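Fold and geometry: a report
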Amino acid sequence: MSRVVILHTNDMHNVLARDEQRAARLMEIVEAERANPPVLLLDAGDAIGAGNLTFNPAGEAILERMTAIGYHAMTIGNREFHLTEIGFTTKLNQARFPVLCANVRARGNARLPVRSHLILETPVGRVGIFGVTVPMITERMLSHHVSAYVFDDPIRVGAEMAERLRPQVDLLIALTHIGLKQDIELAKRAPQIDLIIGGHSHSVLEEPQREGRVAIVQAGSYARFVGRVEVEFAEQTTISGKLLSLV
């Protein structure tokens, strides 16, 4: 039987950069899982410590640490966004792995430092991952006049991405930062998704929550847990999951 393991975090708020013990524990878990590949390591946003309207000109140390640990991708949370091009790109410039968000658009000549999705080739098949996040600035807000970026509805975009990617992949993952309630809504609108890895609501889900055939997981906040999901491919794909403590 073929299987893939997915380790996931969310809403770490820079704790992994400050707490050497938790970082070492996460690395230990990752290295143990890598003894039986394939293993994917994903984050669902709000990893950094900067506020919504501030940014560190030197970049974010936690993204350097996540790069060293071997993250495959993350989606942006509200903390990773900034309405200026220099702020947005600086917040993400230490990530040496793909940062995903399908529902944000650049305006004018601004550079978009994220991509909509990623398809990974693994020994057990093609894994598609797309990201969506909570809309920070929309075209209905007055603030859009001073923003280099604008967000579209994450549920609508997520459903469109699911329809687009499903025929291309064996496993489809939505990496979201919209909160558990919205994750449930996305699962209803896009049943083509196999797994939603969420953030934003800081929900502690000891095992996957089901909405139809879609499994939804989330690993609390502040690097207290890492989630472990195992996907087994047989005549019917099965998904199981649990949380592992980092403290």
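Quick note: structure is the one above.
The present account deals with the structure reproduced in this document. Every value quoted in this text rests on a predicted model; they were computed, and no experiment measured them.

1. Examining helix α4 (residues 85-92)
One turn of the α-helix equals 3.6 residues, which is why residues spaced by three or four share an orientation. Burial within α4 is extensive, with 6 of its 8 residues counted as buried. For α4, the complete set of buried residues consists of Gly87, Phe88, Thr89, Thr90, Lys91 and Leu92. In this structure, the buried residues of α4 make contact with α3 (61-69), β4 (99-100) and β8 (149-151).

2. What to know about the pattern of salt bridges
Overall, the coordinates contain 13 salt bridges when judged by the stated rule. Across the pair Arg25 and Glu28 runs a salt bridge whose closest N-O atoms are separated by 3.3 Å. Highlighted residues: Arg25 and Glu28, both in helix α2 (residues 20-33), separated by 3 residues, approximately one helical turn. One salt bridge in this structure joins Asp194 and Arg166, with 2.7 Å as the shortest N-O distance. Highlighted residues: Asp194 in the loop between α6 (180-189) and β10 (195-197) and Arg166 in the loop between α5 (154-165) and β9 (171-177), separated in sequence by 28 residues.

3. Details of the packing of α5 against α6
Relative orientation of the contacting elements α5 and α6 amounts to 40 degrees, with a least axis distance of 9 Å. Accordingly, the angle class assigned to the pair α5 and α6 is oblique. In this structure, α5 crosses over α6, and the sense of that crossing is right-handed. Across the interface between the two elements, Ile155, Arg156, Gly158 and Ala159 from α5 touch Gln182, Glu185, Leu186 and Arg189 from α6. Tallied by class, the residues present in the contact of α5 with α6 amount to 3 nonpolar, 2 polar and 3 charged.

4. Comments concerning the sheet that holds strand β7 (residues 125-133)
Reading across the sheet, the 6 strands line up as β6-β7-β9-β10-β12-β11 and stay open at both edges, with mixed pairing between neighbours. Whereas interior strands pair on both sides, the edge strands pair on one side only; in this sheet they are β6 (117-122) and β11 (209-211). Each strand axis lies, on average, 25 degrees off the axis of its neighbour in the sheet, ignoring direction. Sheet topology note: the β6/β7 ladder contains 6 bridges and is antiparallel. If you follow Ile119 over to β7, its bridge partner there is Gly128.

5. With respect to the packing of α2 against α3
The relative placement of two packed helices is expressed as an angle between their axes plus a distance between the axes. Contact geometry of α2 with α3 gives a least axis separation of 10 Å together with a crossing angle of 25 degrees. Taken as axis vectors, α2 and α3 run roughly parallel relative to one another. Every pair of crossing elements has a handedness; the one defined by α2 and α3 is right-handed. Where α2 abuts α3, its residues Glu20, Ala23, Leu26, Met27 and Val30 lie against Arg65, Ala68 and Ile69.

Cut-offs used in this document
Residues numbered from 1 in each chain as written. Predicted model: local features only at pLDDT ≥ 70, side-chain atom pairs only at ≥ 80, totals over all residues. Heavy atoms only, no water. Buried < 20%, exposed > 50% of the residue type's maximum accessible area, 1.4 Å probe, protein only. Helix = DSSP H or I, 4+ residues; strand = E, 2+ residues; numbered from the N terminus. Contact = heavy atoms within 4.5 Å. Salt bridge = Lys/Arg side-chain N within 4 Å of Asp/Glu carboxyl O. Axes fitted to C-alpha atoms, helices over the stretch in contact; angles between N-to-C directions. Parallel < 35°, antiparallel > 145°, perpendicular 65-115°, else oblique. Left-handed = near helix turned anticlockwise from the far one by under 90°. Nonpolar A, V, L, I, M, F, W, Y, C, P; charged D, E, K, R; others polar. Pairing = 2+ DSSP bridges.

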